[in-house]
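# Notes for the structure review
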Amino acid sequence: MIELSRPLQVALLAAVALGVLLLVWRGSTRFDKKGELEPRRPVVARIGLVVALAGASLLALTLITSSGHSKGLALIGAVFSSNSEKIAKVVAALILGGVLRLFRAGTDTDNAWWLSGRRGSRVRAGLRALGAMSLLAALAIVVLWGAVLPIQPTSKWILGGLLSGVGVGYLVAGSRPVRKGLYRALVWWWGALVGVTFGVTASLTSRMPTGRLASVNATDQIIRFTALVSSVIFLFFVLSALLPIILDALERRSFVPYVGARHVRASKSGFLTVISVLSMAGVGVSSCALCSVTSIMGGFGADLKRKILGNNAHMVVDVSRPGGFGDWDDKLTQVRVALAPYGAAATPVVAGEAMGSSASNTAGALVRGIDPDTIGQVIDLAKNIEVGSFDYLRDPEKLTSLPPEEIIGRGPGGEPYFKGPDFRQPPDVDPSVRDYLKQQTRMYPGVIIGRELAKSLHVLVGDEVTLLSPMGELGPTGVMPRSRRFRVAAIFYSGMYEYDVTHAYVLMEEAQKFFSLEDKITHIDIRVPDPERVQEVRPAVEAAIAASAALDEAPPEGGKPPPKLRVRDWMEMNKNLFSALKLEKIATFIILSIAIAVASFCIVCTLLLMVTEKGKEIAVLKALGASDNAVMRVFMLEGVIIGAIGTVYGVGTALAACTGLSWFGVRLDPDVYYIDRLPVNVNGSDYAMVAAAALLICTIATLYPARAASKLSPVDGLRYE
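Residues numbered from 1 in each chain as written. Predicted model: local features only at pLDDT ≥ 70, side-chain atom pairs only at ≥ 80, totals over all residues. Heavy atoms only, no water.

Right, let's talk about the overall build of the protein for a bit. Helix and strand counts for the protein come out as 26 helices and 14 strands. Expressed as a percentage of its 721 residues, the buried residues of the protein come to 44%. Relative to all contacts within the protein whose residues are 6 or more apart in sequence, the contacts with residues 24 or more apart total 78%. (Helix = DSSP H or I, 4+ residues; strand = E, 2+ residues; numbered from the N terminus. Buried < 20%, exposed > 50% of the residue type's maximum accessible area, 1.4 Å probe, protein only. Contact = heavy atoms within 4.5 Å.)

A cluster of acidic side chains, namely Asp327, Asp329, Asp330, Glu518 and Asp519, defines a negative patch on the protein surface. Topologically, Asp330 is positioned in helix α11 (residues 328-339). Of the residues examined, Asp330 reaches a relative accessible area of 59% and is grouped as exposed. (Patch = residues over 30% accessible without salt bridge, like charges linked within 9 Å, V, L, I, M, F, W, Y side chains within 5 Å. Areas by Shrake-Rupley, 256 points an atom, 1.4 Å probe, with all protein chains shown as cover. Salt bridge = Lys/Arg side-chain N within 4 Å of Asp/Glu carboxyl O. Lys, Arg positive; Asp, Glu negative; His and termini not counted. Charge placed at Lys NZ, Arg CZ, Asp CG, Glu CD.)

Applying the stated criterion to the full structure yields 6 aromatic pairs. Ring plane angle 75 degrees and centroid distance 5.0 Å describe the contact between Phe514 and Phe515, whose orientation is recorded as edge-to-face. Both residues of the pair, Phe514 and Phe515, belong to the buried class. For the ring pair Trp570 and Phe578, a centre distance of 5.5 Å and an interplane angle of 85 degrees mean the geometry is edge-to-face. For the pair shown, Trp570 and Phe578 are each scored as buried. What links up through ring pairs into an aromatic cluster is the set Phe486, Phe514 and Phe515. Positioned above the aromatic ring of Tyr493, the side-chain terminus of Arg451 is 3.9 Å from the ring centre. (Phe/Tyr/Trp six-rings, centres within 6.5 Å; stacked < 30°, edge-to-face > 60°. Lys NZ or Arg CZ within 6 Å of the ring centre and 35° of its normal.)

Right, let's talk about the nonpolar core for a bit. In terms of nonpolar packing, the biggest core is built from 71 residues, with Ile448, Ile449, Ile526 and Val541 touching the most fellow members. If one sorts the elements of this core by residue count, strand β11 (residues 478-492) sits on top with 6 residues. Core analysis: the next-biggest nonpolar cluster, separate from the first, contains 27 residues, Leu239, Val259, Ile618 and Ile642 among them. (Core = buried A, V, L, I, M, F, W, Y, C linked by side-chain atoms within 4.5 Å.)

This next bit is on a nonpolar patch on the surface. Side chains of Ile586, Ile590, Ile594, Val598 and Phe601 sit close together on the surface and give an oily, nonpolar patch of about 480 Å² of accessible area. Residue position: Ile590 is located in helix α20 (residues 575-613). On the basis of relative accessible area, Ile590 is assigned to the partly exposed category, the value being 49%.

Before going further, it helps to examine the environment of Arg128. Considering the arrangement of structural elements, one finds Arg128 in helix α5 (residues 117-148). With a relative accessible area of 41%, Arg128 lands in the partly exposed category. Sequence separation between Arg128 and Leu100 is 28 residues, and the spatial gap between their C-alpha atoms is 9.8 Å.

Among the secondary structure elements, Leu460 is positioned in the loop between α15 (451-457) and β10 (464-475). Once the C-alpha coordinates of Leu460 and Arg487 are considered, the two residues, 27 residues apart in sequence, prove to be 9.5 Å apart. Setting aside residues up to four positions removed in sequence, Leu460 forms contacts with Ile408, Gly409, Tyr417, Val488 and Ile491.

Okay, unusual backbone geometry next. Of note in this structure, His458 is not a glycine but carries a positive phi near 60 degrees. Mapped onto the fold, His458 is located in the loop between α15 and β10. The residue Glu518 is not glycine, and still its phi comes out positive at about 55 degrees. Summarising the element assignment, Glu518 is placed in the loop between α17 (508-514) and β13 (523-527).

Moving on, we get to the packing of α20 against helix α21 (residues 615-623). One can describe the packing of α20 onto α21 by two numbers: an axis separation of 4 Å at closest approach and a directional angle of 70 degrees. When the axis of α20 is compared with that of α21, the two are roughly perpendicular. The residues of α21 that touch α20, namely those facing Val611, Thr612 and Glu613, are Gly615, Glu617 and Ile618. The residue makeup of the contact of α20 with α21, split by class, is 2 nonpolar, 2 polar and 2 charged. (Axes fitted to C-alpha atoms, helices over the stretch in contact; angles between N-to-C directions. Parallel < 35°, antiparallel > 145°, perpendicular 65-115°, else oblique. Nonpolar A, V, L, I, M, F, W, Y, C, P; charged D, E, K, R; others polar.)

What follows covers the packing of helix α9 (residues 255-264) against helix α22 (residues 628-664). Contact geometry of α9 with α22 gives a least axis separation of 8 Å together with a crossing angle of 50 degrees. Comparing the axis directions of α9 and α22 gives the class oblique. Both α9 and α22 take part in a crossing whose hand is right-handed. Seen from α9, the contacting residues are Phe255, Val256, Pro257, Val259, Gly260, Ala261, His263 and Val264; seen from α22, they are Ala630, Arg633, Val634, Phe635, Leu637, Glu638, Ile641 and Ile642. Across the contact of α9 with α22, the residue classes break down as 12 nonpolar, 2 polar and 2 charged. (Left-handed = near helix turned anticlockwise from the far one by under 90°.)

Put into structure tokens, the structure is as follows:
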């Protein structure tokens, strides 16, 4: 989820308002102009009664909850919150079972012998009763669930009143004759109501916390899911309302658009033919799947790239052999001078492998010695600190006297662990005794470790850890590993398990002592403003390194030459990973494009059937003077219209769904997936490419049927008429 800016919120609400007005106007045009009436519909009245009872029940339960006499509802709410997934599955099963039973009860008796005759009528009645009971049970569970949700009572009052009003309206409309076209108008007005729901839920989600430490509750999840679903449904209604307007505009143009648009329509009412709808659905589903998969794969790739570039340098200057290199001050100065025109930054780093141990466990670690003044310009270490403080690394003395309200860790659900009072130093103790106890506390340098490494070692901020270096010292029994104690200054969360479980950061001076590097460093980390243009900065760094190497003093005769420095960028170091992601994205695009090609076969069948059925009309048009080229363009335009409608619906649905997921999508459990949300990257160029590819495939699919129509002879078309 992202925090929407104020201008974006205003633009979104304005677009929703225009869409709602369009649907309201579209519904008002559905009424019959002659004022004819439709007979009453008992089914509509029954549905209205059920909806009104559901709204009244929600109002009554909300009143009971607000009055404070709701111990039973509180118990039910606890059951719902602890078993939300199971209850959701039960509701879905009840709805699906009820719909299937009602559908089966209304099927034709010719295809089911056990539904025919007197016995069959009883079976159908039983199926209808079971289906209605299943749907009523699902509705009752949903109403009870909505009543016990921990949301504002005002929202419940509004929802209950809205359901009651709508139910009463349907009850009245189904109990008496109504103006012809009312039920069709209600469909569009329901779409407008969905748009209002989307606007309200989108406004609520914009006020919700979006950080990774924000608490996750059922209410926020339901509101976000409602906003996501309502956005897709609302867009579908808006596109459906715009479609007749666009077709009418085509009919007002020249001869070819008029005939092509009229062929797409099913009748004078403006509905599309069934076979055309199936063709549009095939193209729409294929293009929607391609756009959605591309966005999700692009989201995972972008999220992975962001985490890698946020926790690693964009460019590294190091040596190919272990041991580091000296005289790094001059080299670092030369690099910074070369980077100044590009706005890049550089910092010295000492890196090495070690084994971390605590009082209860051990784990491997990659220790990095950093310069606290410049490391923040290269990696996002300070931004990723979850518990503790970066200042404790500079001043580890503060770790010996942390205040009681200091957060020193977090639990599995994100709950904070506080330091609490120090019982060894009660507040009424003599100041001299307190100073003496403070002096007895051993001082250790600070270390910043990842969240998963802290979990493996079972340590919190202020606890002691021991780092063991494989480069040890010679002792009586052989090589003894060098060990040193540190105190945890902070715990960071980078979002990548590989970093959080291995990385540990200490001061550069401490790392040099720990790895016996004296005044050497292992590499220089560089960060550029635009990682995609790192190849433009690399030649300047290589030139600076070559110039500094030329100034190095020549080694003495027979001495070991200084190590040769090399420059590597993030594209080179992660070449295999990002090449695999790119290849996977291209392969997925090609495979799903084949699905669009398969869907275009429906357009071929549609046009061929249209040519067969409209043979007489084509012959008449040719007899009146229409050329072969005009007939061919008519059927090509018809296929292009079908493909364009399917493409717009598919790409639009994918755009609404993926944008909704990126804005206010349902959160994931970071302890399970190690990400707090589904990463989605909505790239306009990818969507435009999918739309262009779909239109191109659909256009190619129209060539053969259109050519067949243009070759039809007027004599052959009118021979048997």
